[in-house]
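Residue-level listing of the chains:
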Amino acid sequence: MEKFIYNPPAGVPNILYQDNDIVVINKASGLLSNPGRAVETHDCALSRLRTHFPSIILVHRLDCETSGIMVFALHKAAEVHLKKQFEARTTRKSYLAEICGNPSQQSGCLNWSLAPDKNNVPRQKVSEEGKAAVTHFEILINKTESAVVLLKPETGRTHQLRVHMHHWGHTILGDNFYASAEIKAMSNRLRLHAYSLGFAHPSTDEFVEFKVAADF
């Protein structure tokens, strides 16, 4: 595993939608969702958005290397409404990933419990003593040495999609935590993208869904 060197892309996050309650963005790969402890990691999606929306509140996170859809609240009531949905797992989330190899199964479900790998923080590992983690998958494109897969997690464990793909034998390309040097070198970024996010709008309770294509 390489040492974490933070070199985020420049610019304001790409805003897909905004109203009086929420802001939805397409977060770039390499940009932290929220500030880290080190001074150099205070620059993040949240801090950049705060220059335009002073009241903005973080609702959920994406890994630094993961790109794609995030929703932020613009006031406390919206934050509470959205966080309850994430905690109750009533949001609908899907991800796109490019993985090494060509799986023999076109669709299915991966059900491996996950726990922190205490000897390799912040990595996670498959463990019977861990917390339940469920990921549904569907192969969309088979390439020569890789495949593009649609992933729908039922649970939201740390590094869930990365570890499930790795344990399955189809590590995500560019993964600096779990990939071999050869698989990591197949991409200059982690090929994992939050493709869609659906939830009940905090003001109307109507179901809304946002989608954004991956750049890989």
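Anything mentioned here points back to the structure above.
Treat the numbers as computed from the prediction; the structure is a model and nothing was measured.

1. Notes on empty space enclosed by the protein
Overall, the coordinates contain 1 cavity of 30 Å³ or more when judged by the stated rule. As for the largest cavity, its lining consists of H60, L62, I69, K93, S94, Y95, A194, S196 and L197. Only β5 (92–100) and β11 (192–200) provide two or more residues apiece to the lining of the largest cavity. Of the residues belonging to the lining of the largest cavity, the class tally is 5 nonpolar, 3 polar and 1 charged.

2. Observations regarding the side chain of Q85
Looking at the secondary structure, you find Q85 in helix α2 (residues 76–88). Beyond its immediate stretch of four places on either side in the chain, Q85 contacts T90, T91, F199 and A200.

3. Regarding the layout of surface pockets
Taken as a whole, the largest pocket encloses approximately 1,500 Å³ of empty space. What lines the largest pocket is a set of 42 residues, among which R61, L62, D63, T158 and H159 lie closest to the centre. Looking at the lining of the largest pocket, the elements that each hand over two or more residues are α2, β5, β7 (114–116) and α3 (160–168).

4. Some remarks on the pairing of strand β1 (residues 14–18)
Where β1 meets strand β2 (residues 22–27), 4 bridges bridge the pair, whose relative direction is antiparallel. The residue of β2 that forms the bridge with Y17 is V24. In sequence, β1 turns back onto β2 through a hairpin of 3 residues.

Rules used throughout
Residues numbered from 1 in each chain as written. Predicted model: local features only at pLDDT ≥ 70, side-chain atom pairs only at ≥ 80, totals over all residues. Heavy atoms only, no water. 1 Å grid on protein atoms, 1.4 Å probe; cavity = no way out; pocket = protein on both sides within 12 Å on 5 of 7 lines; lining within 4 Å. Points joined across faces, edges and corners; volume = space filled by probe spheres on them. Helix = DSSP H or I, 4+ residues; strand = E, 2+ residues; numbered from the N terminus. Nonpolar A, V, L, I, M, F, W, Y, C, P; charged D, E, K, R; others polar. Contact = heavy atoms within 4.5 Å. Pairing = 2+ DSSP bridges.

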